[in-house]
Amino acid sequence: MKLYDIAHSRAGDKGDTLTLSLIPYKEEDYSLLCNAVTADKVKTHLSQIVKGEIIRYELPNISSLLFVCKQALGGGVTTSLRLDAHGKTLSYALLEMEM
Amino acid sequence: MKNKIRIGCGAGFSGDRLEPALVLVEKGGLDYLVLECLAERTIALAQKRKLQDANKGYDPLLERRIKLLLPLLIKNNVRLITNMGAANPLAAAKAIISIAHSLNISVTVAAVTGDEVLDKIDINAAALETNTPIAGFGNIISANAYLGIDAIIPALQTNANIIITGRVADPSLFLAPMVFEFGWNKNDFDILGKGTVTGHLLECAGQITGGYFADPGKKDVPNMASLGHPFADVHADGTAHIGKVDGTGGTINLQTAKEQLLYEVVNPYEYYTPDVVADFTTVHLKQYGENIVSITGGGGQQKPATYKVSVGYQSHHLGEGEISYAGSNALARAQLAGGIICERLQGQVDDVKIDYMGCTSVHQTSFNNDAKPYEVRLRVAAKATTPEFAALVGEEVEALYTNGPAGGGGVRKYVTEVIGIVSTLIDRKLVSPSVTVIHS
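Note that the coordinates shown come from a computational prediction; the quantities given were computed from them, not determined experimentally.

**With respect to the overall build of chain A**
Point 1. Along the backbone of chain A there are three helices and five strands.
Point 2. Taken from N to C terminus, the helices and strands of chain A fall in the order β-β-β-α-α-β-β-α.
Point 3. Computed over C-alpha atoms, the radius of gyration of chain A comes to 13 Å, within 12% of the 13 Å expected from 2.2 N^0.38 for 99 residues, which places it in the range of a compact globule.
Point 4. With the principal axes as the frame, chain A shows a C-alpha extent of 40 × 25 × 20 Å.
Point 5. When each of the 99 residues of chain A is scored for burial, the buried share is 59%.
Point 6. The contacts in chain A between residues at least 6 apart in sequence include a share of 57% that link residues at least 24 apart.
Point 7. Working note: accessible area of chain A is about 3,800 Å², and carbon and sulfur atoms make up 50% of it.
Point 8. Where the 11 positive side-chain charges of chain A centre and where its 12 negative ones centre are 5 Å apart.

Here you go:
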């Protein structure tokens, strides 16, 4: 099973930092995601993309996780050579992760 | 003092659709319309236009938006707050006045200035992103402080129908009318935090009404071609309901609200604006009705002592070239072409990047999804010091027509001057916002 099957995500950018929300379709799956989707596992999964640290924030009020990924946008949105310099498509890179 | 105001957001970026704002003003029962049109780099590009023509440097779509909106704003008694002034709010205000004359409409415009701080920043100060001096990035062309509600509220205190700003923090565009209408204390950081949460949820317009959300079969959104943009009914206690005009496309639910609440947030405990350091972790969202989500909770702490400044500098010239390969062995032919281009460009440009579009171009990997693509588009991108060197990238890709692998087609080539952005901080005492009121 992929994260895609049980959760959705939106990517955001700030300089060279990528933000990825992870939101389960069913709120009761939040604790499952908390246990299974650690910052370390995301770091391994996104090793081709994220070169820096990944911080995970837990938001139990809205049953969501937030991953803040440093050095993730090819040096920064404005000067990156990447086709998707903002990393807007990367929400779906996170959702490719196998549970 | 009012107990409730309705604020709509009719544009979430400079290139946003025109008509959702018209629908909001005509049928939304708004008190205020906000158009957020200024991305990080937009103001540096606008500054370049202003240097070429002192009457320009505001949002390129300003005339088109205002011509359509102005009659509706006046008819429905809706005040507009927008950052479409970009690098030149005064020229933008004059452009609006001239549109009003041509439409025979009487209007008052307030321009908020003072965000331009190019002559006040310390270029030896470290950039927040890299911790290296700003002066080292190259020729600096703009520096704009993110102003807050302190700069906008004096404009609201005039009788202006339209308030036009340059660089201000996006949520401040929404928080200012709340503080103005409800008489909130500017040192009550808890209530400012709540208002900032609502502003943040609205600021990307369609991103909370089902835009940038749909995924067929998983997250279905009705009638996206007529996507409605959002409004918030904000109450004097800081709680709010997000909704949209009946009959418009899109959807507002807990999923769209959660995605937008966390969008571009780098620390949900401390969301920095010039007005407050807001706390998003205590926000509660509830489906209140069909396409209505209620927002409660949220809070904040003391605002930062400094303003954040966005500094634009001339970075490099970007050269790009693309060519497609299709059918049997398409990927191998694209890879052969990529290798040839790398060899040809060696020593002439910096940082050559080769992408195989259809395989690994946006995620840098395909996560072991190794099915052979039927068609592949080769993209080559490189940084160069001059437009002439940047043009070599496209020229080399084009030359693959007669010198490269079999069956390449559909070449496109581009040269773009790249403005880079870095950030720094400036003492509040060095920044003095002001308001200029112009009547038609």
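What follows picks up the thread again.
**Considering the domain arrangement of chain B**
All names here are of chain B.
Point 1. Its domain assignment divides chain B into domain 1 (4-114 + 142-307 + 426-439) and domain 2 (311-423).
Point 2. Look at where the C-alpha atoms of domain 1 and domain 2 centre, and you get two points 38 Å apart.
Point 3. Opposite the seven residues of domain 1 that make contact, domain 2 presents seven residues.
Point 4. The interface formed by domain 1 and domain 2 holds one salt bridge in total.
Point 5. Where E417 meets K48, a salt bridge forms, and the shortest distance between an N and an O atom there is 2.6 Å.
Point 6. Between the two partners, domain 1 and domain 2, sit three residue pairs in polar contact (both at pLDDT 80 or more).

**Description of the sheet that holds strand β11 (residues 284-289) of chain B**
In sheet architecture, strand pairing relies on hydrogen bonds along the backbone and comes in two forms, parallel and antiparallel.
Residue and element names in this part refer to chain B.
Point 1. Taken together, the ten strands give an open sheet; going across it, the order is β11-β12-β8-β7-β1-β2-β3-β6-β4-β18, and neighbouring strands pair in mixed fashion. A strand with exactly one partner marks an edge of an open sheet, and here the two such strands are β11 and β18 (434-439). With direction set aside, neighbouring strand axes in the sheet form an average angle of 20°.
Point 2. Pairing between strand β8 (residues 240-244) and strand β12 (residues 292-296): three bridges, direction antiparallel. Each bridged residue has a counterpart across the sheet, and for H241 the counterpart in β12 is S294.
Point 3. Set on the sheet, helix α7 (residues 189-202) makes contact with β1 (4-11), β7 (230-235), β8 and β12; between it and β7 the angle comes to about 170°.

**Some words on the pattern of salt bridges**
Point 1. Under the criterion given, the structure shown has 22 salt bridges over all chains.
Point 2. Residue E96 of chain A pairs with K2 of chain A through a salt bridge whose shortest N-O separation is 2.9 Å. Highlighted residues: E96 of chain A in the segment after α3 (91-94) and K2 of chain A in the segment before β1 (7-8), separated in sequence by 94 residues.
Point 3. Of the residues examined, E96 of chain A reaches a relative accessible area of 21% and is grouped as partly exposed.
Point 4. Among the ionic pairs, K303 of chain B bridges to D150 of chain B, the shortest N-O distance being 3.6 Å. Taken together, the residues span a long stretch of sequence, with K303 of chain B in the loop between β13 (299-301) and β14 (306-326) and D150 of chain B in helix α5 (residues 149-156) at a distance of 153 residues.
Point 5. One network of salt bridges, with partners in common, ties together E320, K353, D355 and R379 of chain B.

The rules behind the values
- Residues numbered from 1 in each chain as written.
- Chains lettered and ligands numbered in written order.
- Predicted model: local features only at pLDDT ≥ 70, side-chain atom pairs only at ≥ 80, totals over all residues.
- Heavy atoms only, no water.
- Helix = DSSP H or I, 4+ residues; strand = E, 2+ residues; numbered from the N terminus.
- Rg over C-alpha atoms; globule rule 2.2 N^0.38 Å.
- Buried < 20%, exposed > 50% of the residue type's maximum accessible area, 1.4 Å probe, protein only.
- Contact = heavy atoms within 4.5 Å.
- Areas by Shrake-Rupley, 256 points an atom, 1.4 Å probe, with all protein chains shown as cover.
- Lys, Arg positive; Asp, Glu negative; His and termini not counted.
- Charge placed at Lys NZ, Arg CZ, Asp CG, Glu CD.
- Domains from an automatic or database assignment.
- Salt bridge = Lys/Arg side-chain N within 4 Å of Asp/Glu carboxyl O.
- Polar contact = N/O pair within 3.5 Å; in protein donor to acceptor, adjacent residues only side chain to side chain.
- Pairing = 2+ DSSP bridges.
- Axes fitted to C-alpha atoms, helices over the stretch in contact; angles between N-to-C directions.

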